[in-house]
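The lines below spell out each chain.
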Amino acid sequence: MIKNNENLLSLYVHWPYCESKCPYCDFNSHVNETIEIKKWIKSYKNQMTSMKNELVKRNISFKNLNTIFFGGGTPSLMPVEIVESIITLSDHIFGFCNDIEISLEANPSSYDSKRFKNFNRAGVNRLSIGVQSLNNKYLEFLGRLHKIEDIEISLKDASNTYENISVDFMYAFHGQNLNDWSNELKSFLNANNLQHLSLYQLTIEEGTKFFKDHKNGLINIIDNDTAAEFYKISNELLNDYSFYNYEVSNYAKSGFKCRHNLNYWNSENWIGIGPGAYGRLWTSDLYKNRIEYQNYKNPKTWLSKNLYQTEFEKITSLNNYVSDTDTLSMGLRLYDGINISKLSNKSIINSNSLKVLQDKNIVSFKNDILKVNKKHMLKLNSILNYLINS
Ligand SMILES: C[S@@+](CC[C@H](N)C(=O)[O-])C[C@H]1O[C@@H](n2cnc3c(N)ncnc32)[C@H](O)[C@@H]1O
Ligand code: SF4
């Protein structure tokens, strides 16, 4: 049976608003509109209270909150009062671990020194800044509202307040030069003292402007070999600066892995509040299984459904196959791999396929730990398709 080994509990808070919509983005993000602060606080509070009741009712054992993540959208646009209230209320409702990690996603275009100090005073101790590119030409291509100068100012200022800063990049897109990227990254790392980096290769998501542009032949996708070359060079460079890959797209200095995301990748328990957020909990009844709580995506609908009581759009009991597939695909993203004793049914793994992948040195499997070998990480999706019995 699957176990939530350490009874870890995380809280994800979704803020759905942005200054503008980026052409590649398929996250639940909407252009900012007037909001009523009190109503939002009340709805977030209702959701936390009912999730606490759910934990008690289902007899799910958990420690105090281990992490909180304000994601979006652009949470750096959140009124400080809302962030502050969520942190205070969540402490009151669930309790905090002593060393709780509280992250907030921020955009350089909405950077404001005073607000960021206030977020920190409210309890936020980790910033994740969406730098995306170090080249004004590509920032424009990506539809970003900031320029290199804004990145420099926000990072310099934020590092006076925050000791744990992560930066997001997008790279490996059509037209980007590998040497330029490597030089830009190098000078950026020389100039800034960061603790964590996320490097995402650009994906073209259905429903985005880039998807239409791609269909109309305006944007191309780079080939797999070039993508692999970008990945290899970036990994080598980051290792030289003491950032180590611990997940396909994530790199940390020692002691600075993102504990919130590790809870997802390790299939622990988390609660998701806010429009479109989802949470997953392992139940503690006789037949252990996993329940998913899905929130209404549209911000206005979400608000109206949660202002006086809590209503999820969907609550699903995941069957073992779905749950095991998810546990495996999340766990294999980690460079340390996954202990397959976490699966309810190990026979989801096709033993012939496993043997072939081991013989080809694509995966390793020892003492129940299954790992994808480093240089094959970018092929994770095809490896999973081949490995999992359908
Ligand atoms: C929730 S999103 C955005 C957070 C924040 N609003 C921002 O834009 O910086 C988190 C990250 O996902 C990455 N991302 C979003 N869409 C992507 C795409 N289509 N391909 C690759 N990375 C993407 C970006 O690096 C982004 O910072
Ligand atoms: S700012 Fe971030 S969340 Fe908002 S549209 Fe752009 S990428 Fe998406």
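**Q** Quick rundown of the overall build of the protein chain? Include the residues and the values.
**A** Counting secondary structure elements, the protein chain contains 13 helices and 17 strands. Counting only C-alpha atoms, the protein chain reaches 55 × 55 × 45 Å along its principal axes. Once local pairs closer than 6 in sequence are excluded, the contacts in the protein chain between residues at least 24 apart make up 71%. Approximately 18,300 Å² of the protein chain is accessible, and the part contributed by carbon and sulfur atoms is 48%.

**Q** Mind laying out the domain arrangement of the protein chain, listing which residues take part and the relevant values?
**A** Partitioning the protein chain into domains gives domain 1 (9–263) and domain 2 (320–390). Centre-to-centre, using C-alpha coordinates, domain 1 lies 27 Å away from domain 2. Contacts between the two partners involve 13 residues from domain 1, matched on the other side by eight residues from domain 2. The tally of links between domain 1 and domain 2 comes to two salt bridges. In this structure, Lys 257 engages Asp 336 in a salt bridge whose closest nitrogen and oxygen atoms are separated by 3.9 Å. On inspection of domain 1 and its partner domain 2, the count reaches five residue pairs in polar contact (both at pLDDT 80 or more). For the side of domain 1 that touches domain 2, the secondary structure elements donating two or more residues are α8 (224–240) and β9 (244–247). Per-element accounting of the side of domain 1 that touches domain 2 gives the leading share, five residues, to α8. Considering only residue class, the side of domain 1 that touches domain 2 consists of six nonpolar, five polar and two charged.

**Q** Which residues make up the environment of Ile 100, and what are the values?
**A** Along the chain, the position of Ile 100 falls in strand β5 (residues 96–106). You can call Ile 100 buried: its relative accessible area is 10%. Not counting residues up to four positions away in its chain, the partners in contact with Ile 100 are Leu 65, Asn 66, Thr 67, Ile 68, Asn 125 and Arg 259.

**Q** Give a description of the sheet that holds strand β17 (residues 369–372) that names residues and reports values.
**A** Taken in spatial order, the three strands of this open sheet run β15-β17-β16, and their pairing is antiparallel. Strands at the two margins of the open sheet, each flanked by one partner only, are β15 (338–339) and β16 (363–366). Relative to β17, β15 is paired through two bridges, and the arrangement is antiparallel. Each residue of the ladder has a partner; that of Ile 338, found in β17, is Leu 370. Against the sheet, helix α12 (residues 351–359) contacts β16 and β17, and its axis sits at roughly 110° relative to β16.

**Q** Run through helix α1 (residues 37–57), naming residues and quoting values.
**A** Its 21 residues place the ends of α1 30 Å apart at the C-alpha level, agreeing with the 30 Å of an ideal helix rising 1.5 Å per residue. Along α1, the positions that sit buried rather than exposed are Trp 40, Ile 41, Ser 43, Tyr 44, Asn 46, Gln 47, Met 48, Met 51, Glu 54 and Leu 55. Two residues or fewer past α1, Asn 59 is found with a positive phi of approximately 60°.

**Q** Give me the packing of aromatic side chains: which residues, what numbers.
**A** All told, the structure shown has 21 aromatic pairs when counted by the stated rule. A centroid spacing of 6.0 Å and a plane angle of 70° characterise the contact between Tyr 246 and Trp 265, whose relative ring orientation is edge-to-face. One end of the pair, Tyr 246, is in strand β9; the other, Trp 265, is in helix α9 (residues 259–265), and 19 residues separate them in sequence. For the pair Tyr 246 and Trp 265, a shared accessibility class is recorded, and that class is buried. Residues Tyr 264 and Trp 270 carry aromatic rings whose centres are separated by 4.6 Å and whose planes lie at 65° to one another, so their mutual orientation is edge-to-face.

**Q** For the nonpolar core, give the residues involved together with the corresponding values.
**A** With 95 residues, the main nonpolar core has Tyr 44, Phe 70, Phe 169, Leu 197 and Leu 370 as its most contacted residues. Here the element with the most residues in this core is helix α2 (residues 80–94); it accounts for eight residues. Counting the residues that make up this core, at least three belong to each of domain 1 (9–263) and domain 2 (320–390). Aside from chain neighbours lying at most four places away, what touches Leu 370 is Leu 328, Leu 332, Gly 337, Ile 338, Ile 340, Ile 349, Leu 354, Val 363, Ser 364, Phe 365 and Leu 387.

**Q** How would you summarise the site of ligand 1 if you had to cite specific residues and measurements?
**A** Close to ligand 1 lie 17 residues, the nearest being Gly 73, Gln 132, Arg 144, Asp 168 and Thr 203. Within the backbone of Tyr 24, one N or O atom sits 3.2 Å away from a nitrogen atom of ligand 1. Taking Asp 168, its side chain carries an N or O atom lying 2.6 Å from an oxygen atom of ligand 1. Within the complex, the protein chains bury 90% of what would otherwise be the 560 Å² of accessible surface of ligand 1. For the shell around ligand 1, the secondary structure elements donating two or more residues are β6 (126–132), β7 (165–171) and β8 (196–201).

Scoring rules and cut-offs
- Residues numbered from 1 in each chain as written.
- Chains lettered and ligands numbered in written order.
- Predicted model: local features only at pLDDT ≥ 70, side-chain atom pairs only at ≥ 80, totals over all residues.
- Heavy atoms only, no water.
- Helix = DSSP H or I, 4+ residues; strand = E, 2+ residues; numbered from the N terminus.
- Contact = heavy atoms within 4.5 Å.
- Areas by Shrake-Rupley, 256 points an atom, 1.4 Å probe, with all protein chains shown as cover.
- Domains from an automatic or database assignment.
- Salt bridge = Lys/Arg side-chain N within 4 Å of Asp/Glu carboxyl O.
- Polar contact = N/O pair within 3.5 Å; in protein donor to acceptor, adjacent residues only side chain to side chain.
- Nonpolar A, V, L, I, M, F, W, Y, C, P; charged D, E, K, R; others polar.
- Buried < 20%, exposed > 50% of the residue type's maximum accessible area, 1.4 Å probe, protein only.
- Pairing = 2+ DSSP bridges.
- Axes fitted to C-alpha atoms, helices over the stretch in contact; angles between N-to-C directions.
- Expected span 1.5 Å × (residues − 1).
- Phe/Tyr/Trp six-rings, centres within 6.5 Å; stacked < 30°, edge-to-face > 60°.
- Core = buried A, V, L, I, M, F, W, Y, C linked by side-chain atoms within 4.5 Å.
- Near = heavy atom within 4 Å.

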